[in-house]
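Structure assessment
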Amino acid sequence: MEKLRTHIQHIAPINDEEFEEIKTHFTVKRVRKGQYLLSEGDEVKHEFFVLSGIYKVFYIDGQEKEYILQFAQENWWMSDYPSFFKQKDATMYIECLVEGEVLCLTLQNREKLSATFHKMEHFFRVKLTNGYVALQLRIKLLLSGTPQQRYEEFARLYPNLMQQIPKKLIAEFLGVSRETLSRLYQ
């Protein structure tokens, strides 16, 4: 839980008493490599804060093609957010790539935290804003960036993932073939 506290305090300073109350809204879950936290059609009960491990958030289209939206690692948040906030069934999957642990937070508990602690409402707003900015930058890069630019940006933003994730998955995330990635990776 100390990772969560440190993470929150980067945005919203909290005292011991506040954190004792905040942490009661989370549950810990161990996740094995290959285990799914979420599958298409599931009820989306949680958003997840990554304590350890690496996860991929993806969807599969009507032709069974997989599209990776996000890799999540320590101190990242992940969920099928459209389904989480609208309380609809999942349209995405979350798979564990490297064994780890996550903290689970329900929408109800998220709302309680925001109502009880203005600091937490501020924290969640900043996290959502930062996520939205990152998403727009990723879309812009996918739409107009060259494969080389996409690769260089991924390597700059996530240097530790380059060695921990199969190249096939990095290629999928970047929207390039495995062969193109091999040329870029040299």
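Structure's up top.
Below is a summary of the structure that appears in this document. Predicted model only: the values in this text are computed from it and were never measured.

We now examine the pattern of salt bridges. Applying the stated criterion across every chain yields a total of 10 salt bridges. Between R110 and E47 there is a salt bridge, with the nearest N and O atoms lying 2.5 Å from each other. With R110 in helix α4 (residues 107–116) and E47 in strand β3 (residues 46–60), the pair connects residues that are 63 residues apart, well separated along the chain. The pair R110 / E47 is uniform in exposure class, with both members buried. A salt bridge links E172 to K168; its shortest N-O distance comes to 2.8 Å. Taken together, the residues E172 and K168, both in helix α8 (residues 167–174) and 4 residues apart, mark about one turn of the helix.

Further remarks concern the side chain of S79. Summarising the element assignment, S79 is placed in the loop between β5 (77–78) and α3 (81–86). What S79 contacts, discounting residues up to four positions off in sequence, is V44, H46, E47, V57, F84 and I94.

Counted according to the given criterion, the structure contains 0 disulfides. Here C104 is not disulfide-linked; the sulfur of C96 is the nearest cysteine sulfur, at 12 Å. Residue C104 is classed as buried on the basis of its relative accessible area of 5%.

Glancing now at the packing of aromatic side chains. Per the counting criterion, the structure on display carries 17 aromatic pairs. Taken together, F26, F49, W77, F123 and F124 form an aromatic cluster joined through their ring pairs. If you follow K56 out to its NZ or CZ, it ends over the ring of F58, 4.4 Å from the centre. A cation sits over an aromatic face here: R110 above F124, 4.2 Å from the ring centre.

The rules behind these values
Residues numbered from 1 in each chain as written. Predicted model: local features only at pLDDT ≥ 70, side-chain atom pairs only at ≥ 80, totals over all residues. Heavy atoms only, no water. Salt bridge = Lys/Arg side-chain N within 4 Å of Asp/Glu carboxyl O. Helix = DSSP H or I, 4+ residues; strand = E, 2+ residues; numbered from the N terminus. Buried < 20%, exposed > 50% of the residue type's maximum accessible area, 1.4 Å probe, protein only. Contact = heavy atoms within 4.5 Å. Disulfide = S-S within 2.5 Å. Phe/Tyr/Trp six-rings, centres within 6.5 Å; stacked < 30°, edge-to-face > 60°. Lys NZ or Arg CZ within 6 Å of the ring centre and 35° of its normal.

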